Amino acid sequence: MPRKKRPKLTFKAKLIRIKNAGIKTATPVQKTTDETDDLPDLNERIKRVLQIFDQHEQKKDTMLYFVMYDIENDKVRNHIAKFLIRKGCTRVQKSIYLADTQRQVYAEIHKTLKEVQEVYDNHDSIFLVPVSSDDLRAMKIIGENIDLDLITGNKNTLFF
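Residues numbered from 1 in each chain as written. Predicted model: local features only at pLDDT ≥ 70, side-chain atom pairs only at ≥ 80, totals over all residues. Heavy atoms only, no water.

### Here's the deal with the packing of helix α1 (residues 11-20) against helix α3 (residues 74-86)
A pair of packed helices can be characterised by two numbers: the angle between their axes and the separation between those axes.
Now for step 1: Look at α1 against α3: their axes get within 11 Å of each other, and the N-to-C directions meet at 175 degrees. Classed by the angle they form, the pair α1 and α3 counts as roughly antiparallel. Between α1 and α3, the contacting residues are Phe-11, Lys-14, Leu-15 and Ile-18 on the first element and Lys-75, Val-76, His-79, Ile-80, Phe-83 and Arg-86 on the second.
Now for step 2: In the contact of α1 with α3, the residues fall into 6 nonpolar, 1 polar and 3 charged. (Axes fitted to C-alpha atoms, helices over the stretch in contact; angles between N-to-C directions. Helix = DSSP H or I, 4+ residues; strand = E, 2+ residues; numbered from the N terminus. Parallel < 35°, antiparallel > 145°, perpendicular 65-115°, else oblique. Contact = heavy atoms within 4.5 Å. Nonpolar A, V, L, I, M, F, W, Y, C, P; charged D, E, K, R; others polar.)

See below:
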């Protein structure tokens, strides 16, 4: 006899199930490798960030912002990472995303992440930081040895 198909759970419903499974406090869990932990190649991330930057100049109903988090629990962190990617955010680092979405998507991400924060007892923090194109253009980042001048033609911007 074939199995009945389960109804698709909402993001909040998944996190409530995680909470009900025994997450009462956010305890550090041994770091495991997960597909969401794998970042694309550095050059690929740079290209994505530059595409977002170039496209943002043309759109007036969109908002450019960073989403950053410090979440102790692996399961919750992985669900949030997948959620942000589904919403169109580009992963810049393991816990930092750059997004160029409509303002209503920004509000939806904020509302959902706020609900997630209230679902279980934790010491986590999540930041949504709007930035202007000028702020992004003036950003200086120190890290990987890569010559971005070839890609950007701009001597003032470094990404890692």
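That shown, we press on.
### A look at the nonpolar core
Now for step 1: Membership of the largest hydrophobic core comes to 24 residues, with the highest contact counts inside it found for Tyr-65, Val-76, Ile-80, Leu-84, Ile-109 and Leu-113.
Now for step 2: Where this core is concerned, the elements lending two or more residues are α1, β1 (62-70), α3, β3 (96-102) and α4 (103-119).
Now for step 3: Sort the elements by how many residues they give to this core and α4 lands first, with 6 residues.
Now for step 4: The residues touching Ile-109, leaving out its near neighbours within four places in the chain, are Tyr-65, Phe-83, Leu-84, Lys-87, Cys-89 and Leu-128.
Now for step 5: Core analysis: the next-biggest nonpolar cluster, separate from the first, contains 8 residues, Leu-64, Leu-98, Val-131 and Leu-136 among them. (Core = buried A, V, L, I, M, F, W, Y, C linked by side-chain atoms within 4.5 Å. Buried < 20%, exposed > 50% of the residue type's maximum accessible area, 1.4 Å probe, protein only.)

### Some remarks on the packing of aromatic side chains
Now for step 1: In total, this model carries 2 aromatic pairs according to the counting rule given.
Now for step 2: Ring geometry for Tyr-65 against Tyr-106: centres 4.7 Å apart, planes inclined by 70 degrees, an arrangement best described as edge-to-face. Of this pair, Tyr-65 sits in strand β1 while Tyr-106 sits in helix α4, and the two are 41 residues apart along the sequence. For the pair Tyr-65 and Tyr-106, a shared accessibility class is recorded, and that class is buried. (Phe/Tyr/Trp six-rings, centres within 6.5 Å; stacked < 30°, edge-to-face > 60°.)

### Digging into the pattern of salt bridges
Now for step 1: Evaluation of the coordinates by the stated rule reveals 3 salt bridges.
Now for step 2: The shortest N-O distance in the salt bridge between Glu-115 and Lys-111 comes to 3.9 Å. Placement of the pair is Glu-115 and Lys-111 together in helix α4, with a separation of 4 residues, close to one helical turn.
Now for step 3: According to the relative accessible area criterion, Glu-115 is partly exposed, its value standing at 23%. (Salt bridge = Lys/Arg side-chain N within 4 Å of Asp/Glu carboxyl O.)

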